[in-house]
Amino acid sequence: MTGNHTDGAVGVLQALTDSLTARDGQSLLEAAISQAGEAIIITTAELEPPGPQIIYVNEAFTRITGYTPDEIVGQTPRVLQGPDTEREVLDRLKADLRDHGWFEGEAWNYRKDGSRYRVRWNIAPVTTPDSEARYLVTVQREVTELHRLEAERLHYHANFNPRTGLPNRKYTLQLLEDALRRAERLDQELAVVAVEIRDFASITQGMGEEPGDALLDTLTFGLRKQLAGQSHFLGVAARGRIIAVLERLSEAEQHFTGLLHELLEGVNRELATQRERGPLASACAGAALFPNDGQEADALLGQAEAAAANALANGTSSIRLADAQAGARLREQLALRADLQRAVDDGELYLAYQPQVDLGSGRIVGAEALLRWDHPERGPVSPGVFVPILEASGLINRVGEWTLEAAARQARAWLEQGYPMQVAVNLSARQVHASDLVGLVSRILDDTGLPQGALELEITETLLLDLDADTQAVFRELSAMGVQLALDDFGTGYSALAYLQALPLTTLKIDRAFIGDIGNSAKSEALVRGIVSLARGLGMPVVAEGIERDAQRAFVQGLGCERGQGFGLGRPMRADQLTELLERGERPAP
């Protein structure tokens, strides 16, 4: 209610109470208020049960409620209350009148015909000269329409995208749930189509929001134009992505696919009209069908968006239908991610150590610490599966820190038992770029008292793709602390020789792909020769990874490769198992 309306009601009320106080005459009272625009009610002043009784109402009250004076006089105001009348407002009304002598509030009342209306109350007592309340005078103004408009405004802002005027994602899911219930009841198919503008984020970042908004307007217009005559509704799923829900489908999937291609072609024709006014853009789409691809709103929308992402990755304007197997794989990955988070919190991850063997003597001279996870239900999970999840989720920094500390403590334990070994730990790019790696390693070395050369950090060539001055400085500081740096999987990445010059590397590790082809590929054998020769020329030791057969061991040993690692020399094992081998002086079993 606006301030002007409130002031007007208060003015009427104040004038009325002044008149009643000055002259307690029925004729003057009726003359003052009978023609007022607001409903006016005069009651007795009792607040406790049975409560006040109505002694007068004006014509506006009858017009609003339908009750005549003969029907309402003698009743209590409770006759106007109903199921939606707010109890807390009535409680506040009594408290405010008792404590402050004035009440202003809003609630639902009911007319004689049972319909409800929204009313704004201003209530004040008429007092005797000794300040005793004698009457209560209420000015009521119906605000049903204002309340409806305000509710609509709030509903719009809560559920619609202000730029496109389309339902937002949350409200789209609610509408989709309603549509699914209709489709199930009518035994009809329904389609959820996710239409996405390619490179939308790049367009808005490079050219600003206005060209992006123009593209969204065009996409919305194109969808409405193409779907004219088809039962549907549109919604916004994300920036640059609009959802179209198509109801009452009965044709075969082949026809539906044709419909989608016509839809996309029409949308792209509309987007092409933006060529003079903005960036040239195109759209792609993914679709999921009810009930084949899912029966829940969020599942269907997720399937359609996954299909759109598949189309987006295709590189051309295209349609993709939902892939149930892809959806199952996504759900599996999400479940595995949740389990992995729990495993990290509960300490389920552990380290296995794969021996590094002196190829001449067969003696264990080092070990690589490898992260392992035994799922309580799935059993052992491959690092190739869970490590990428650690990377994507950001958990790799936390797990990487624990790995470094645990491996360093184990190296110290072996040293104290009389087995001085070098322990190698893999580094991820996130660890190098997103944390104080130098400070972490320095603290671990101080805490464990490891001698120089006992800790080796393995880096991959892919990590070096973003090699900059800061990263080079990190590696130089680590080297200055006596940390060994090994270039892992050498030969599988870009193998830029500049790395060997720019970084203080101490070891090259030949990738298992080359070792595995020894005896079968002359090219692989030539590459291994070249890598060993290069390393020897630089004065760097070489570790051959992936040795599984005696012939492979003999080949690399003949080239002068000092150390080897692989299932043919020893499988990864827990620290206590490796300790037993060291104590017995045995060569690890392949």
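Structure: see above.
What you see is a predicted model, and the numbers here were worked out from it, not measured in a lab.

K.L.:
Account for the overall build of the protein chain, naming residues and giving values.
P.N.:
Along the protein chain, the regular secondary structure elements total 22 helices and 19 strands. The buried share of the protein chain, reckoned over its 590 residues, is 46%. Restricting to contacts in the protein chain with at least 6 residues of sequence separation, those with at least 24 account for 62%. When the accessible area of the protein chain is evaluated, it comes to approximately 29000 Å², of which 49% is carbon and sulfur surface.

K.L.:
Help me get a handle on the environment of Gln501, residues and values and all.
P.N.:
By the element assignment, Gln501 lies in helix α18 (residues 497-502). Judged by its relative accessible area of 72%, Gln501 falls in the exposed class. In the structure, Gln501 is positioned 37 residues away from Leu538 in sequence and 9.6 Å away in space, judged by C-alpha atoms.

K.L.:
Which residues make up the environment of Pro50, and what values do they have?
P.N.:
Checked against the element boundaries, Pro50 lands in the loop between β1 (39-44) and β2 (54-57). Judged by its relative accessible area of 60%, Pro50 is exposed. Taking the C-alpha atoms as reference points, Pro50 and Thr76, separated by 26 residues in sequence, lie 8.2 Å from one another. Excluding residues within four positions of it along the chain, Pro50 makes contact with Thr76 and Arg78.

K.L.:
Tell me about the pattern of salt bridges, and name the residues and values.
P.N.:
Going through the model one piece at a time under the given rule, you end up with 29 salt bridges. Where Glu348 meets Arg342, a salt bridge forms, and the shortest distance between an N and an O atom there is 2.5 Å. Of the residues examined, Glu348 reaches a relative accessible area of 22% and is grouped as partly exposed. The closest approach of N and O atoms between Glu401 and Arg443, which form a salt bridge, is 3.5 Å. Here the residue Glu401 occupies a position in helix α14 (residues 396-416), and Arg443 occupies one in helix α16 (residues 437-448), the gap between them amounting to 42 residues. Note on Glu401: relative accessible area 34%, which makes it partly exposed.

K.L.:
Quick one: what's the story with the sheet that holds strand β8 (residues 241-249), residue by residue and with numbers?
P.N.:
As summarised here, the arrangement of the 5 strands in space is β7-β8-β6-β9-β10, forming an open sheet in which the pairing is mixed. Edge positions in the sheet fall to β7 (232-238) and β10 (319-321), since each of these pairs with one other strand and no more. Direction aside, the axes of adjacent strands within the sheet are offset by 20 degrees on average. Bridge count between strand β9 (residues 283-290) and β10: 3 bridges; the pairing is parallel. Following the sheet pairing, Ala287 is matched in β10 by Leu321. With respect to the sheet, helix α7 (residues 169-186) is in contact with β6 (189-197), β7, β8 and β9, its orientation differing from that of β7 by roughly 145 degrees. Strands in contact with helix α9 (residues 209-226) are β6, β7 and β8; relative to β6, the strand with the most contacts, it is inclined by about 150 degrees.

K.L.:
Can you explain the nonpolar core? Please cite residues and give values.
P.N.:
The nonpolar side chains of a soluble globular protein tend to be buried with one another. Core analysis: the biggest nonpolar cluster contains 76 residues, and Tyr353, Leu457, Val556 and Leu578 have the highest contact counts within it. When near neighbours in sequence (up to four residues on either side) are disregarded, Leu457 contacts Leu404, Val425, Leu427, Val441, Leu478, Val483, Gln484, Leu485 and Ala486. The next biggest cluster of nonpolar side chains, apart from the first, holds 29 residues, and it includes Val195, Leu227, Val236 and Ala281.

K.L.:
Run through α9, naming residues and quoting values.
P.N.:
The end-to-end C-alpha distance of α9 is 26 Å, a good match for the 26 Å that 18 residues give at a rise of 1.5 Å each. What α9 keeps buried is the set Pro211, Gly212, Asp213, Leu215, Leu216, Thr218, Leu219, Thr220, Gly222 and Leu223.

K.L.:
I'd love a proper account of the packing of aromatic side chains, names of residues and values included.
P.N.:
Here the structure, examined in full by the defined rule, presents 5 aromatic pairs. Ring geometry for Tyr156 against Phe160: centres 5.1 Å apart, planes inclined by 10 degrees, an arrangement best described as stacked. The class for Tyr156 is partly exposed, based on a relative accessible area of 35%. Note on Trp373 and Phe386: the rings are 5.9 Å apart at their centroids and 85 degrees apart in plane angle, and the pair reads as edge-to-face.

K.L.:
Lay out the sheet that holds strand β5 (residues 133-142) in plain terms, naming residues and giving numbers.
P.N.:
Across the sheet, which stays open at both edges, the 5 strands sit in the order β2-β1-β5-β4-β3 with antiparallel pairing between neighbours. The sheet is open, and its two borders are formed by β2 and β3 (103-110), each paired with just one other strand. Averaged over all pairs of adjacent strands, the angle between their axes in this sheet comes to 30 degrees, without regard to strand direction. Both strand β4 (residues 116-127) and β5 contribute to a ladder of 9 bridges, which runs antiparallel. Looking at β5, one finds that Pro125 is bridged to Leu136.

K.L.:
Please set out α14 residue by residue, giving values where relevant.
P.N.:
End to end, α14 covers 30 Å across 21 residues, agreeing with the expected 30 Å (1.5 Å per residue, within 8%). Of the residues making up α14, those classed as buried are Ile396, Val399, Gly400, Thr403, Leu404, Ala406, Ala407, Ala408, Gln410, Ala411 and Trp414. Positioned one or two residues after α14, Gly418 has a phi angle of 95 degrees, which is positive.

The rules behind the values
- Residues numbered from 1 in each chain as written.
- Predicted model: local features only at pLDDT ≥ 70, side-chain atom pairs only at ≥ 80, totals over all residues.
- Heavy atoms only, no water.
- Helix = DSSP H or I, 4+ residues; strand = E, 2+ residues; numbered from the N terminus.
- Buried < 20%, exposed > 50% of the residue type's maximum accessible area, 1.4 Å probe, protein only.
- Contact = heavy atoms within 4.5 Å.
- Areas by Shrake-Rupley, 256 points an atom, 1.4 Å probe, with all protein chains shown as cover.
- Salt bridge = Lys/Arg side-chain N within 4 Å of Asp/Glu carboxyl O.
- Pairing = 2+ DSSP bridges.
- Axes fitted to C-alpha atoms, helices over the stretch in contact; angles between N-to-C directions.
- Core = buried A, V, L, I, M, F, W, Y, C linked by side-chain atoms within 4.5 Å.
- Expected span 1.5 Å × (residues − 1).
- Phe/Tyr/Trp six-rings, centres within 6.5 Å; stacked < 30°, edge-to-face > 60°.

Scope: geometric values only; no functional claims are made or implied.
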